[in-house]
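Examination of the molecular architecture
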Amino acid sequence: MPATNRQLILHSRPKGLLAPGDLQLTETPLPELQDGQALARVKYLSIDPTMRVWMAADTYLPAVAIGEVMRAGGFAEIVESRHPDYKKGDRVTGLTGLQDYVIVDSSAKHFFQKVPKIPFVSDTVFLGVLGMNGVTAFFGMEIAQPKKGETLVVSAAAGATGSIAGQIGKIRGCRVVGIAGTDEKCNWLTKDLRFDAAINYKHPDWKEKLAAATPNGIDIDFENVGGEIMQEVLNRMNLHGRVVVCGLISGYTKENVGMASLGTILVKRLRVEGFIILDYAPRFMEAATQLGQWKMFGKIKDRETIVEGLEKAPDAINMLFTGGNIGKLIVKV
Ligand SMILES: NC(=O)c1ccc[n+]([C@@H]2O[C@H](COP(=O)([O-])OP(=O)(O)OC[C@H]3O[C@@H](n4cnc5c(N)ncnc54)[C@H](OP(=O)(O)O)[C@@H]3O)[C@@H](O)[C@H]2O)c1
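Residues numbered from 1 in each chain as written. Predicted model: local features only at pLDDT ≥ 70, side-chain atom pairs only at ≥ 80, totals over all residues. Heavy atoms only, no water.

Side note on the pairing of strand 12 (residues 237-245)
As paired elements, strand 11 (residues 218-223) and strand 12 share 5 bridges and run parallel to each other. By the bridge assignment, Asp221 is partnered in strand 12 with Val243. Crossover strand 11 to strand 12 through helix 6 (residues 227-235) is right-handed. Pairing between strand 12 and strand 13 (residues 271-274): 4 bridges, direction parallel. Looking at the pairing, Arg242 lines up with Arg271 of strand 13. (Pairing = 2+ DSSP bridges. Helix = DSSP H or I, 4+ residues; strand = E, 2+ residues; numbered from the N terminus. Right-handed = clockwise from strand over helix to strand, strands pointing away.)

Here we look at the packing of aromatic side chains
Across all of its chains, the model carries 6 aromatic pairs by this definition. Plain terms: the ring middles of Phe138 and Phe139 are 5.1 Å apart, the flat faces sit at 85 degrees to each other, and that makes the pair edge-to-face. Note on Phe139: relative accessible area 0%, which makes it buried. These aromatic residues form a ring-pair network of at least three members: Phe138, Phe139, Phe275, Tyr280 and Trp294. Taking NZ or CZ as reference, Arg303 lies 5.4 Å from the ring centre of Trp188, over its face. (Phe/Tyr/Trp six-rings, centres within 6.5 Å; stacked < 30°, edge-to-face > 60°. Buried < 20%, exposed > 50% of the residue type's maximum accessible area, 1.4 Å probe, protein only. Lys NZ or Arg CZ within 6 Å of the ring centre and 35° of its normal.)

Points about the domain arrangement of the protein chain
Domains assigned within the protein chain are domain 1 (4-124 + 304-332) and domain 2 (132-278). Computed over C-alpha atoms only, the centres of domain 1 and domain 2 are separated by 29 Å. Contacts between the two partners involve 16 residues from domain 1 and, on the opposite side, 12 residues from domain 2. Surface buried jointly by domain 1 and domain 2 totals about 1200 Å² across both partners, of which 71% is contributed by carbon and sulfur atoms. Area buried by domain 1 at its contact with domain 2 is led by Tyr60, Phe321 and Ile326, which between them contribute 36% of it. Counting across the domain 1 and domain 2 interface gives 0 salt bridges. At the surface where domain 1 touches domain 2, the tally comes to 4 residue pairs in polar contact (both at pLDDT 80 or more). Looking at the side of domain 1 that touches domain 2, its residues break down into 9 nonpolar, 4 polar and 3 charged. (Domains from an automatic or database assignment. Contact = heavy atoms within 4.5 Å. Buried area = accessible area lost by both parts, 1.4 Å probe. Salt bridge = Lys/Arg side-chain N within 4 Å of Asp/Glu carboxyl O. Polar contact = N/O pair within 3.5 Å; in protein donor to acceptor, adjacent residues only side chain to side chain. Nonpolar A, V, L, I, M, F, W, Y, C, P; charged D, E, K, R; others polar.)

Overview of helix 3 (residues 160-171)
Between its first and last C-alpha atoms helix 3 spans 17 Å; for 12 residues at 1.5 Å apiece the expected length is 16 Å, and the two agree. Buried residues dominate helix 3, accounting for 11 of its 12 residues. For helix 3, the complete set of buried residues consists of Ala160, Thr161, Gly162, Ser163, Ile164, Ala165, Gly166, Gln167, Ile168, Gly169 and Lys170. Just downstream of helix 3 lies Gly173, where phi reads positive at about 90 degrees. (Expected span 1.5 Å × (residues − 1).)

Thoughts on the site of the ligand
Near the ligand you find 28 residues, and of these Thr161, Lys185, Tyr201, Tyr252 and Asn325 are the closest. Within the contact set of the ligand, an oxygen atom lies 2.8 Å away from a backbone nitrogen or oxygen of Ala160. Separating an oxygen atom of the ligand from a side-chain N or O atom of Tyr252 is a distance of 2.8 Å. Relative to its unbound accessible surface of 920 Å², the ligand loses 90% to contact with the protein. Partitioned by chemical class, the residues of the shell around the ligand number 16 nonpolar, 11 polar and 1 charged. Looking at which domains feed residues into the shell around the ligand, each of domain 1 (4-124 + 304-332) and domain 2 (132-278) supplies at least three. (Near = heavy atom within 4 Å. Areas by Shrake-Rupley, 256 points an atom, 1.4 Å probe, with all protein chains shown as cover.)

Re the sheet that holds strand 13
Strand order in the open sheet made by the 6 strands is 10-9-8-11-12-13, with parallel pairing throughout. Two strands bound the open sheet, and with one partner strand each, they are strand 10 (197-200) and strand 13. For this sheet the average axis-to-axis angle between neighbouring strands, irrespective of direction, equals 15 degrees. Strand direction decides the pairing type here: strand 8 (residues 151-154) and strand 9 (residues 175-180), joined by 4 bridges, are parallel. Residue pairing for strand 9: Val154 is matched across the bridge by Gly178. Where helix 4 (residues 183-192) meets the sheet, its contacts fall on strand 9 and strand 10, and the angle it forms with strand 10 comes to roughly 170 degrees. Taken strand by strand, helix 6 contacts strand 8, strand 9, strand 11 and strand 12, and its axis lies near 150 degrees from that of strand 12. (Axes fitted to C-alpha atoms, helices over the stretch in contact; angles between N-to-C directions.)

A word on unusual backbone geometry
Most peptide bonds take the trans form, and the phi angle of most residues other than glycine is negative. In the Ramachandran plot, Arg194 falls in the positive-phi region, its phi being about 65 degrees despite a non-glycine side chain. The residue Arg194 is located in the loop between helix 4 and strand 10 in this model. Of the residues examined, Arg194 reaches a relative accessible area of 49% and is grouped as partly exposed. Of note, the phi angle at His240 is positive, near 65 degrees, even though the residue is not glycine. For His240, the position within the fold is in strand 12.

Right, here's the structure in full:
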């Protein structure tokens, strides 16, 4: 049994990207386990854009308080248990926080869930394609109601959520166009993931390229970014198109979220629906089962960017906002 626990504590609310010291690494004594508790060693941390939101303000979850362990999803293994439902070696996912060890109990606030050991499958899939990002793509695409032959555009397309959403679009028979920030990402989308086209929004002529890639207009926008990218996609939407607002990452490090024009939504009679994946928790197993089958049969491919070391988590969070990851971003503790 270790005596201490390394934790990243929220010390100050970031302005823009995280600055050194916004999250501070501390070492605290591990409390003695009580009846009804288990101790789990955190092995992998899910690095998600929403963490930057949690640092800033109350939204769909309360902001992380100054002085608290930074909230984060993670994968952990039980190392000691005084809880009737957990034994040593069990594996869980949930809100472990940015730390080496987490106390697992029966309270619902950490969303702990046991996960199986699947032969030949890495544990990290439970944070990515079979975890929060996969199910987010799955239910976001359910909201989109894609039909064969329709054109789907996905922004942040080479990220954890966008890459799966686009591939579900292909499975549903759509023409799929991704928007991403490097040529390497765009090549991955078209060559490995079978996207019909991918546009690097950092090229000066990206709007013309988007127009050329969507000759019949756009029927579905799977929106991960917001701001100028979202507005340009809306400009090309067909009448009565659907906009699934999954995320608005371009605004998370700014004071104001770049809004798309309500006028475009009105004139094009668009249906716009936002969603928060926690609302779908009762149906996660249904989504994970389907995603697992697609992955097993090679219909969905996933990729990970792994950063080593708990102390690197603040840098990893910033990578999301500078485009440093391809696929799911994970910290290996
Ligand atoms: N609604 C929900 O419940 C829910 C759940 C999970 C995730 N989400 C949302 O889904 C989106 C993607 O999340 P993820 O976890 O899958 O992250 P991710 O896509 O793996 O990583 C974020 C990516 O966003 C792109 N990006 C960052 N800043 C940008 C900007 N200003 N303009 C354009 N692109 C930018 C970067 O790629 P480039 O190199 O392409 O710029 C970066 O790699 C986020 O908006 C997130 O909040 C929502």
